[in-house]
Amino acid sequence: MTPALAALVARAEILTHDLSLDCVREWKAEAPGRLAMGHLPIAVPRELIHAAGMLPVGIVGGGDRLEIIRGDAYFQSYICHIPRSTIELALSGRLDALDGMLFPSICDVIRNLSGMWRLLFPDRYVHYVDLPQNFAPETGGRFWRHELDILRADFARLTGRPIDDEALRASIAVYNAQREALGDLYEARARAPWCFPAGEMYQVVRAGNLLPPEAHTAFMRDYIREAPLDPDRHDQDRSRVVVVGMFCEQPPVGLLLTLERAGCWIVDDDLQLGLRWLTEAVPLDGDPLDNLTQAFLSTHVRTASMYEPEGHRGSGLVDAVRRRGAEGVIFCAPSFCDPALLDQPMLVAALDRAGIPHTQFKYTEDTGQFAVIREQAGTFSDSIRLWSQA
Ligand code: SF4
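Residues numbered from 1 in each chain as written. Predicted model: local features only at pLDDT ≥ 70, side-chain atom pairs only at ≥ 80, totals over all residues. Heavy atoms only, no water.

Colleague: Kindly report on the packing of helix 1 (residues 3-16) against helix 8 (residues 198-206), identifying the contributing residues and their values.
Modeller: At a closest axis distance of 8 Å, the pairing of helix 1 and helix 8 adopts a crossing angle of 65°. In terms of orientation, helix 1 and helix 8 fall into the roughly perpendicular class. Here helix 1 and helix 8 pass one another in a crossing that is left-handed. Two secondary-structure elements touch here, helix 1 through Leu5, Val9, Ala12, Glu13 and Thr16 and helix 8 through Glu200, Gln203, Val204 and Arg206. By residue class, the composition of the contact of helix 1 with helix 8 is four nonpolar, two polar and three charged. (Axes fitted to C-alpha atoms, helices over the stretch in contact; angles between N-to-C directions. Helix = DSSP H or I, 4+ residues; strand = E, 2+ residues; numbered from the N terminus. Parallel < 35°, antiparallel > 145°, perpendicular 65-115°, else oblique. Left-handed = near helix turned anticlockwise from the far one by under 90°. Contact = heavy atoms within 4.5 Å. Nonpolar A, V, L, I, M, F, W, Y, C, P; charged D, E, K, R; others polar.)

Printed below as a string of structure tokens:
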């Protein structure tokens, strides 16, 4: 590995395990009065947080390095893991650098978590961000614009200064650059997945939860340039797969490594979807909140938490498989994740209609045993290669 690439990878690893938000504390300490706004997966208007002069901070649970001491007491056993680890992070003071929290309406678990947050931290700013599930401008559009107006006013109150349109346009431009870099990274990985190992790339992308967007864009650009220069990275006889289901609670990095070691090249995924929520650049001319609204309606990613008209479910996944030249799909969802697991039968039906092979398993963010997953993914990869040769 070249020294430049090693430094990038080491930085990404440090950020992945920065559960106490040390880098956010450092950012706040650089200038007096700086505020940081946390948010759960998936979509929140990060542009608006940025335009207010605050740092958007994506919280994606505690992963596999956090011991849950008090978090379990707040939730029943038959739900996913991310709410209990998030509560644990907060109760242990690790999230004290945050001046507020946004909870996007991804599922009932997150809704309940937002209510619990209000009870536990009555002095902190909390907002439940209700995402529209109707994408007509006169209904869902009006609704989302209203939500953005509320957040704009709230953030102005928090920071003590209004957010003007010019600041919003500048922030949209910053996030357009980040979107473009993310798109380029995913394209580059699909072309040569051996240059961008899944665990490593995941951590580079995930760094966008903590870094200011300008710094994250530069970080990704450096990684896109440096990763292919590693002389030890070569193509191998592996199956190209798309992995879906990981849009909220994150898998341990070891699970992604396991999939590769089992013989898969991951050529697309739905990890860190909140950073990639809008699939196209947002226009800069005109009213910036109208532009953000229209972008939400027409260019949001297709995922389990968003409504799709009858008969359309799964076509986005089939398109992704074809666009990335993938040979199969691995459904890899957190245990008890209602959105991912209820979506799965419809996605499976779409893949079956298209003749695309698939397999599935579940994980929790603190899964530590990968032997069974390795066997299953290895068998899947082998069978894909055998079928393609046949
Ligand atoms: S992992 Fe699934 S069920 Fe759990 S909070 Fe996230 S979307 Fe909801």
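Colleague: Which residues make up the pairing of strand 1 (residues 36-39), and what values do they have?
Modeller: Remark: a regular strand shows side chains that alternate across the two faces of the sheet. Residues Ala36 and Gly38 line one face of strand 1 and the alternating positions Met37 and His39 line the opposite face, and both faces are buried. Sheet analysis places strand 1 next to strand 2 (residues 55-58), joined by four bridges and oriented parallel. In the strand pairing of strand 2, methionine 37 is matched with proline 56. One crossover worth recording links strand 1 to the parallel strand 2 by way of helix 3 (residues 46-51), and it is right-handed. Bridge analysis of strand 1 against strand 3 (residues 100-104) gives three bridges, and the strand direction is parallel. When the sheet's bridge partners are listed, methionine 37 is paired in strand 3 with glycine 100. (Buried < 20%, exposed > 50% of the residue type's maximum accessible area, 1.4 Å probe, protein only. Pairing = 2+ DSSP bridges. Right-handed = clockwise from strand over helix to strand, strands pointing away.)

Colleague: Account for unusual backbone geometry, with residues named and values stated.
Modeller: Working note: non-glycine residues mostly have negative phi, and peptide bonds are mostly trans. Residue isoleucine 42 is reached from proline 41 by a cis peptide bond, and omega for that bond is 15°. Assignment of secondary structure puts isoleucine 42 in the loop between strand 1 and helix 3.

Colleague: Could you give an account of the packing of helix 6 (residues 137-159) against helix 11 (residues 288-299), with specific residues and numbers?
Modeller: Two numbers describe a pair of packed helices, the interaxial angle and the distance between the axes. The interhelical angle for the contact between helix 6 and helix 11, taken along N-to-C directions, is 130°, at an axis separation of 9 Å. With respect to helix 11, the element helix 6 is oriented oblique. Once helix 6 is placed against helix 11, the crossing between them reads as right-handed. Only Leu289, Asp290, Leu292, Thr293, Phe296 and Leu297 of helix 11 make contact with helix 6, whose side of the interface consists of Pro137, Gly140, Gly141, Trp144, Arg145, Leu148, Asp149 and Arg152. Residues that form the contact of helix 6 with helix 11 fall into these classes: seven nonpolar, three polar and four charged.

Colleague: Which residues make up the site of the ligand, and what values go with them?
Modeller: Residues in close proximity to the ligand include Cys80, Ile82, Ile106, Cys107, Val109, Ile110, Cys248, Glu249, Phe336, Cys337, Asp338 and Pro339, which together make up its full environment. Cavity membership is defined here by more than half of the atoms lying within 2 Å of grid points; on that basis the ligand lies in the second largest pocket. Going through the elements one at a time, helix 5 (108-120) and helix 13 (338-354) are the ones with two or more residues in the shell around the ligand. A breakdown of the residues in the shell around the ligand according to their chemical character gives ten nonpolar, no polar and two charged. (Near = heavy atom within 4 Å. 1 Å grid on protein atoms, 1.4 Å probe; cavity = no way out; pocket = protein on both sides within 12 Å on 5 of 7 lines; lining within 4 Å. Sits in = over half its atoms within 2 Å of the grid points.)

Colleague: Describe the layout of surface pockets, listing the residues and the values that go with them.
Modeller: If you add up the space inside the largest pocket, you get close to 1,100 Å³. Elements that contribute at least two residues to the lining of the largest pocket include exactly helix 7 (165-191), strand 5 (239-244), strand 6 (264-269), helix 11, helix 12 (315-323), strand 7 (328-334) and helix 13. Ranked by residue count, the leading element in the lining of the largest pocket is helix 7, at seven residues. Within the lining of the largest pocket, the residues separate by chemical class into 19 nonpolar, eleven polar and 15 charged. Quantified by volume, the second largest pocket comes out at close to 290 Å³. (Points joined across faces, edges and corners; volume = space filled by probe spheres on them.)

Colleague: Requested: an account of the pairing of strand 3, with residues and values cited.
Modeller: Strand 3 sits mainly inside the fold: five of its five residues count as buried. Burial along strand 3 is two-sided: Gly100, Leu102 and Pro104 facing one way and Met101 and Phe103 facing the other are all buried.

Colleague: Go over the sheet that holds strand 7, please, and point to the residues and values.
Modeller: If you walk across this open sheet you meet the four strands as 6-5-7-8, and the pairing is parallel. Because the sheet does not close on itself, it has two edges, and the strands there are strand 6 and strand 8 (358-363). Averaged over all pairs of adjacent strands, the angle between their axes in this sheet comes to 30°, without regard to strand direction. Summarising the sheet, strand 5 and strand 7 pair through four bridges and their orientation is parallel.

Colleague: Quick rundown of the pattern of salt bridges? Include the residues and the values.
Modeller: Evaluated as defined, the whole model comprises 26 salt bridges. Between glutamate 30 and arginine 34 there is a salt bridge, with the nearest N and O atoms lying 3.3 Å from each other. When its relative accessible area of 61% is taken as the criterion, glutamate 30 is described as exposed. Residue arginine 34 is classed as partly exposed on the basis of its relative accessible area of 27%. One salt bridge in this structure joins arginine 225 and glutamate 226, with 3.4 Å as the shortest N-O distance. Among the residues examined, arginine 225 registers a relative accessible area of 47% and is labelled partly exposed. Each of Arg145, Asp149, Asp287 and Asp290 takes part in salt bridges that share partners, so that together they form one network. (Salt bridge = Lys/Arg side-chain N within 4 Å of Asp/Glu carboxyl O.)

Colleague: Tell me about the sheet that holds strand 2, and name the residues and values.
Modeller: Taken in spatial order, the four strands of this open sheet run 2-1-3-4, and their pairing is parallel. With one partner strand each, in any of the chains shown, strand 2 and strand 4 (125-129) form the two edges of the open sheet. Geometrically, the sheet is characterised by an average inter-axis angle of 25° between neighbouring strands, direction not taken into account. One ladder, built from five bridges, connects strand 3 with strand 4; its direction is parallel. From the neighbouring strand, glycine 100 faces strand 4, where its bridge partner is tyrosine 125. Along the sheet face, helix 6 touches strand 1, strand 3 and strand 4 and points at about 170° away from the line of strand 4.

Colleague: Describe in detail the packing of aromatic side chains, supporting the description with residues and values.
Modeller: Summed over all chains, the structure comprises seven aromatic pairs. A ring pair is formed by tyrosine 125 and phenylalanine 155, whose centres lie 6.3 Å apart and whose planes are at 70°; its orientation type is edge-to-face. Taken together, the residues tyrosine 125 in strand 4 and phenylalanine 155 in helix 6 connect sequence positions 30 residues apart. Look at phenylalanine 155 and you get buried, because its relative accessible area is 0%. Between tryptophan 277 and phenylalanine 296 the ring centres are 6.2 Å apart and the planes differ by 40°, which places this aromatic pair in the tilted class. Separated by 19 residues along the polypeptide, tryptophan 277 in the loop between strand 6 and helix 11 and phenylalanine 296 in helix 11 bring together distant segments of the chain. Here the two residues tryptophan 277 and phenylalanine 296 agree in accessibility, since each one is buried. Grouped by ring-pair contacts, the aromatic residues Phe103, Trp117 and Phe121 constitute a single cluster. Over the ring of tryptophan 27 we find arginine 34; its NZ or CZ atom is 4.3 Å from the centre of that ring. Above the plane of the ring of tryptophan 265 lies arginine 238, whose end atom (NZ or CZ) is 4.1 Å from the centre. (Phe/Tyr/Trp six-rings, centres within 6.5 Å; stacked < 30°, edge-to-face > 60°. Lys NZ or Arg CZ within 6 Å of the ring centre and 35° of its normal.)

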